[in-house]
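Per-entry structural report
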Amino acid sequence: MTAPISNRPGLPSTAARVPGPATGGQSTISGHKSLDPYLVVTILLTILAIGPLLQPGYFWGAHDARHSVYFLFEFDKSIQDGILWPRWGPDWGFGYGYPFWNIYGPLTYFMAEGVYLIGFDHVSAVKLVFALSVLASAATMYLFMRRLLGRPAGLVAGLVYSYAPYRLFDLYVRADLAESFSFIFIPLVLWGFFELIDRPRLNAVIGTGLAYAGLVLTSNAALLLVTPLAGLLVAALLLLRMKDDKAGAERGGPRVVALKHLFTLGIPPALGLALGIAVTAIFFLPLLLEFNYVRVDQWTGGRFAFGGDFVYFFQLFSPHWGFGASIPGPDDQPGYQLGLAPMILFVMSFIAVPRTGEANVRRALRFFQGTVLVVTFLMTPASEWIWRTIPLSSFAQFPWRLGVLTVASLAIVAGAVVAGDQESENANLAPDSPTPDSPLPDPLTPQFLSLAVLTALIILSSYPYLRAEVRDPKPNEGPVSLAALFRYQQSSDDMTGSTAWTRRIPGWSVLAEQVIQGGSIDTKVNYTAIPPGNVLGIHSVEMDTVHELVWVYAADDRQSVTFMIPYYPGWKAYVYQDLREPADDLKARVGPLVAQPALRTTSYEGWIVVPVPSGEHFLEVRFEDTPARVAGKWISLASLLGIAAALVGQRILRKPGR
Amino acid sequence: MTDHLPWTRDDLSYLLLTLALTVFAVAPLAYPGYMQVHTGFVPAYNLADLAGRPLYLGWKPIIASSFDPLRGDGLLPYYLALPTVWLGGTPLSGVKAVFALSFLLGAAGVYLWLWRWVGPAGASLAALVYTYLPYRLAAVYVRGVWGEAFFLGVLPWALAAAGGRATSRIYIRTAWTVLVWALLGMSQAGLAVWGFVLMAAWGLLINRRGYGQSLAALGGTLAGLALTLLIASFSTPASPINLFDHFLYPAQLFSAYWGFGASRPGWEDGLSLSLGFAALGLSMLTLFMVLGQARTHSGQFNQATSARRLLLPGIPGVILALLTLAPAAFLWRLTGLQHTLTYPWQLLGLSGLCLAALAGAALKLDQRLAALPTYAGLVILTLLASYSYVEPRFTQLAPGNGPLAAWDAHRVMLIDCQLSVTIPPAAAGLREPTPGRLPVADYGRPRPGDTLHLTLTWQAARPFDRDLKLFVHLLDAAGQLVAQVDPLAGAGAGSQGMDYLTSQWAPGELILDEVAVAIPPDTPPGPYRLVFGLYDAGTLQRLPVVGREDGQVEIEIELGARDRELLSLSPSRRSAEGRP
């Protein structure tokens, strides 16, 4: 039998070995006065993973590489129009538009926009955010595992997390910017919920809320995957904690009432979750209430249809690597391996985890071991019957997307393999070390050397996959421009989403054709819908991404103006009086509001049709906030103010003398 | 066998860990299909034959093969795979199950053989080094020799049985030894002879007490050999391969090369014949550590001697490796052992086993290497060194129960044959997009003016040294030649339409060869035969077809009348008539 290390004679206790709350609150970055050298090493060693991003050029052929750039292109257009929280993408669907940012987490593109505004081009901005996602995720995983198992474990987990083949697949084969960025928040969310069970406190609630908010605003897919995982982790730890307390009561400890106890223990994680949702209400509430107003069949049909893209068992362990698409059957071009080093460390964790001293940490590690097994099973064809019974299965599109969970879980349990060496690390510190917890490693100790070799091998095992197919863009990919965007939409059927009012999904448009021919989109008025006989006259005065102002003349009250914009909640029309003076400045002639007509739509395209009164007027269509969006904004603002107030209050209360 | 031994939870954990870590070697066998290996589909064909008559005790694998009871794969793998077929699996799944079993048995066997000697972590590392030896991976994923693969899986058990502790019950140990060595003899009899030599060397150098067990092992080996020979009626065909042409060059033992080709005389073998980076590297680590300890403990006789003893497995390992080199030819001739194997490099599996034991000894020499993080590093290094080799050439072709035809004593086999017809231009009025060709079954009777496409899937069992030609003749009922083509076999069969001629064909590789035959416009309707075969362009001699004397294969075909009406047939009418 192997006794837990903490119980072995001659070894320091786990509490003394593992930095964490028990050693004086070193579990957070702010808890350290000096920079953690292991954290620095973790980030430095991760630079190799972003090597291909440092090449000039871009991997235009990667699955989502093009739309990552064009998402930013569109996002920037809205920002340039002064819209601080964009929701409408004006050029989706061949120029008709689509409420993309209303249903897709925008945080990644806020980051990219920030980089773009500094002066980088679209491609470089996207590449920088990719790079940031790798470096920052290594750091967050390091911090989480440092809290659980100490610095060496943090280093190993951070590297496994960064170099896992699925991560490199996400970066260089899929080029999925949002999912890559979400890896930053996954360790933070798991850490937060663990902390709220293990040592609940205000900072942990705030940290968990912010981490969860980051995840919500980054990737819907990652959110759908990580939320149940975090929920199950909380449930497992809660139940085991209750079991412990019950056992303690039987041994004469304080008596507990099960339901009340469960409720008490469950409040902190519930608060963390609620705070996360509240902070993101600006996005989350409209997503929840207005998601049904877009067509989702485009996401779940055709090549995105669920069913044929399971990962075959042999693929999980195959060294195969490629850049093509996922295809039904076992002969996919990309590789779906779990990773040699992560898998070996995972298997070895079954020896290491029982040696881990702290009960909650051991339980969490066992939970993640189980997660690897269950989630890996769910990726294989043997689990198809389970998927068929889960209503959300069609949104998963590809079961290999569960790699998000396996990567995180594998990294966490990988750290356990070196956790046992922590005591050796401290034991081998130089005699004049300031404290037993000094983070400065002695490079001559065998433990340090073995850790160095292990980290090198983790990187080496993924080294062959550190490559991207960098090439010049084809005409239907770039250089980044509106014309190239339309050519890309046409050739790939990407960024062609439609709202629920659209019955016929367009394959091309006059707007796109206009741009391809060298023109620009100056109006979205459908002039072909003007009836003959001089009964209707329209002249576009100005247009931006979310509004258009036109001068309109109608011979009678039966006339209407059609805009080539698919209707979606938030679009409104306003009719203003035409002041007729001054004659040479149309915009200065816009008078007071006359009417706010109800909108209609065309039968097939779902375009906005605005009835206009007879006479000469100005008509404006504008994409505005719905009640859900307004409520979301206020809830988010109030939550952030609440967090700020709590932090300030806590600081004041902690001042000496209070 | 080990019930009396002091097993701890750690020992069991390391055994389970070792077995779990064989997953990278075993996983390719889970591919829903098979691999393009040198033995091709032949084991599956013979297994299907055995499944059809399991009670026939004189059964031998003769479909597309000439059974060689000494040098070839033995009968044991067939009988091991039989239950898989009985349980509803395909013969291919039966073959793959035996391969998987060989990896698992090998890993467990090495662990059980060595765990007391080098400790659980050392035994685990040795087992993984042995599992991921390039030679063993090539035996399964390049050569597809299941008898040899299974032999290498059982061999550590045989060594463990022969080297059992003196305190265990003698009659159980003896029975166990006889059984395991009989299994070896029935897996690959020629290698079992060498296995016995290895065991004798091991006993002589390390165990020194196992004379009785050696006798039992010899008995078992002979029993297995006798059983195999009895079934094979003592008929051992002459090997078509000259063993002395296939000695290795020293560089090959250390080469990182990996390929799927055949062994060729000289140094340009098409497959890896390396000892492996992990086996060599970790063995050298052990050597350096022993030398270092010998210097450190030069005054302490016992410790230095004990450390040096750990080097002993290296001696047979090195000797066996040296026997694969050309200077050792005289030893082969002297001992007559050249009759036991097809290639001298088949000793690499045995040599690798010794080196694996040596590699594991490093963890015995310095316990710090057995600490989990360091051990993890060593295991990653071991698997990483061979990781790129666990990607075989897969195929999803279902081979059926036998080749459609075989030429030159099964040197090349026809695995699949499809006949299709180019859709004539007259059919271009079809509403829906159509493929360029339709299978004859869908097209109906081909008509004069049509072009027939014969798609042949070849699989060579042995390499060719020349380019063969393919003849395809369209004969009428009277045997008169109506049309013919004589392309080089494999013309245009390479990547991007390049030629891939028979001299380039690797054993076991599936080659898709397409030949077009135009039916002359004035050909009358009626029954015809499409005959084809292979011939040597130099001698114009046809290669003999197994089971036929005329050296050709036939496909009967019924030609229809020339349908002039088709030219003016409207799509709607064709549709109404149910035509494509």
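All values derive from a computational prediction rather than experimental measurement.

1. Points about the overall build of chain A
Within chain A one finds 26 helices and 8 strands. The buried share among the 658 residues of chain A stands at 57%. Here the analysis covers contacts within chain A between residues at least 6 apart in sequence; of these, 73% occur between residues at least 24 apart. Carbon and sulfur atoms make up 63% of the accessible area of chain A, which amounts to about 26400 Å² in all.

2. Considering the packing of aromatic side chains
Residue and element names in this part refer to chain A. Summed over the entire model, instances satisfying the criterion amount to 65 aromatic pairs over all chains. The interplanar angle of 65° and the centroid separation of 5.6 Å between the aromatic rings of F94 and W508 together place this pair among those described as edge-to-face. Taken together, the residues span a long stretch of sequence, with F94 in helix α4 (residues 92-95) and W508 in the loop between α24 (482-492) and α25 (510-516) at a distance of 414 residues. Assessed through its relative accessible area of 2%, F94 is described here as buried. Of the residues examined, W508 reaches a relative accessible area of 24% and is grouped as partly exposed. Taken together, the ring pairs in this structure connect F71, F75, W85, W92, Y98, F100, W101, Y104, Y109 and F110 into an aromatic cluster. The ring of Y161 carries the charged tip of R167 above its face, separated from the ring centre by 5.2 Å.

3. Describing helix α5 (residues 91-131) of chain B
Counted at 1.5 Å a residue, the expected span for α5(B) with its 41 residues is 60 Å, but the 24 Å between its end C-alpha atoms falls short. Burial of α5(B) is extensive: 34 of the 41 residues sit out of reach of the surface.

4. Here we look at the interface of chain A and chain B
With 33 residues of chain A at the interface, the matching set in chain B holds 32 residues. Overall, the association of chain A and chain B removes approximately 3000 Å² of surface from exposure, summing both partners, and the carbon and sulfur fraction of that is 78%. Of all residues in chain A, A:F314, A:L340 and A:M348 give up the largest surface area on contact with chain B, accounting jointly for 20% of the area buried on that side. For the pair chain A and chain B, the interface holds 1 salt bridge. As a salt-bridge pair, A:R355 and B:D10 come within 3.6 Å of each other at their nearest N and O atoms. At the level of elements, α17 (340-352), α21 (403-419) and α23 (446-462) of chain A are the ones that each hand at least two residues to the side of chain A that touches chain B. Among the elements that line the side of chain A that touches chain B, the one with the most residues is α17(A), at 9 residues. Grouping the amino acids of the side of chain A that touches chain B by side-chain chemistry returns 23 nonpolar, 7 polar and 3 charged.

5. Things to note about the confidence of the model for chain A
All names here are of chain A. Residues with a pLDDT of 70 or more make up 87% of chain A, whose mean pLDDT is 87. Within chain A, no element has a lower average pLDDT than helix α1 (residues 14-17), which sits at 36, and none a higher one than helix α6 (residues 107-118), at 97. Segment residues 1-32 is flagged for pLDDT under 50; beyond a separation of four residues in sequence, or across chains, it makes 66 contacts in the model. Below pLDDT 50 for its whole length, residues 423-438 participates in 22 contacts with residues either more than four positions away or in separate chains.

6. Considering the sheet that holds strand β6 (residues 600-601) of chain A
All names here are of chain A. Strand order in this open sheet of 3 strands is β3-β7-β6, and the pairing throughout is antiparallel. In this open sheet, the two strands that pair with only one neighbour each are β3 (560-566) and β6. Note that β3 and strand β7 (residues 607-611) share 5 bridges and pair antiparallel. When the bridges of β7 are listed, T562 appears paired with V609.

7. A word on unusual backbone geometry
For the bond running from A:G478 to A:P479, omega is -5°, close enough to zero to count as cis. The residue A:P479 is located in the loop between α23 and α24 in this model. Geometrically, the link from A:E581 to A:P582 is a cis peptide bond, its omega value of -10° lying close to zero. Within the element layout of this structure, A:P582 appears in the loop between β4 (571-578) and β5 (590-595). Phi angles above zero are rare outside glycine, and B:L540 is one such case at about 60°. Within the element layout of this structure, B:L540 appears in the loop between β10 (526-536) and β11 (553-559). Owing to a relative accessible area of 62%, B:L540 belongs among the exposed residues under this scheme.

8. Regarding the sheet that holds β4(A)
Residue and element names in this part refer to chain A. Across the sheet, 5 strands lie side by side as β1-β2-β8-β4-β5; this open sheet has antiparallel pairing. Either end of the sheet is taken by a strand with one partner, and the two such strands are β1 (536-544) and β5. Averaged over all adjacent pairs, the angle separating strand axes in this sheet is 30°, with direction ignored. As judged from the 8 bridges shared by strand β2 (residues 547-554) and strand β8 (residues 615-623), these two strands associate in the antiparallel manner. Across the sheet, W551 pairs through a bridge with F618, a residue of β8.

9. Quick word on the side chain of A:S450
Residue and element names in this part refer to chain A. Here S450 lies in helix α23. Using a relative accessible area of 7% as the deciding quantity, one classes S450 as buried. Engagement of the side chain of S450 in a polar contact is seen with the backbone oxygen of Q447, the distance being 2.9 Å.

10. Thoughts on the packing of α23(A) against helix α17 (residues 372-387) of chain B
One way to put it is that α23(A) packs onto α17(B) with a least axis distance of 9 Å and a crossing angle of 30°. By the criterion of interaxial angle, the relationship of α23(A) to α17(B) is roughly parallel. For α23(A) against α17(B), the interelement crossing comes out left-handed. Contacts from A:S450, A:L454, A:L457, A:L460 and A:S461 of α23(A) reach α17(B) at B:P373, B:T374, B:A376, B:G377, B:I380, B:L381 and B:L384. Each residue belonging to the contact of α23(A) with α17(B) can be placed in one class, and the counts come to 8 nonpolar, 4 polar and no charged.

What counts as what
- Residues numbered from 1 in each chain as written.
- Chains lettered and ligands numbered in written order.
- Predicted model: local features only at pLDDT ≥ 70, side-chain atom pairs only at ≥ 80, totals over all residues.
- Heavy atoms only, no water.
- Helix = DSSP H or I, 4+ residues; strand = E, 2+ residues; numbered from the N terminus.
- Buried < 20%, exposed > 50% of the residue type's maximum accessible area, 1.4 Å probe, protein only.
- Contact = heavy atoms within 4.5 Å.
- Areas by Shrake-Rupley, 256 points an atom, 1.4 Å probe, with all protein chains shown as cover.
- Phe/Tyr/Trp six-rings, centres within 6.5 Å; stacked < 30°, edge-to-face > 60°.
- Lys NZ or Arg CZ within 6 Å of the ring centre and 35° of its normal.
- Expected span 1.5 Å × (residues − 1).
- Buried area = accessible area lost by both parts, 1.4 Å probe.
- Salt bridge = Lys/Arg side-chain N within 4 Å of Asp/Glu carboxyl O.
- Nonpolar A, V, L, I, M, F, W, Y, C, P; charged D, E, K, R; others polar.
- pLDDT = per-residue confidence, 0-100.
- Pairing = 2+ DSSP bridges.
- Axes fitted to C-alpha atoms, helices over the stretch in contact; angles between N-to-C directions.
- Polar contact = N/O pair within 3.5 Å; in protein donor to acceptor, adjacent residues only side chain to side chain.
- Parallel < 35°, antiparallel > 145°, perpendicular 65-115°, else oblique.
- Left-handed = near helix turned anticlockwise from the far one by under 90°.

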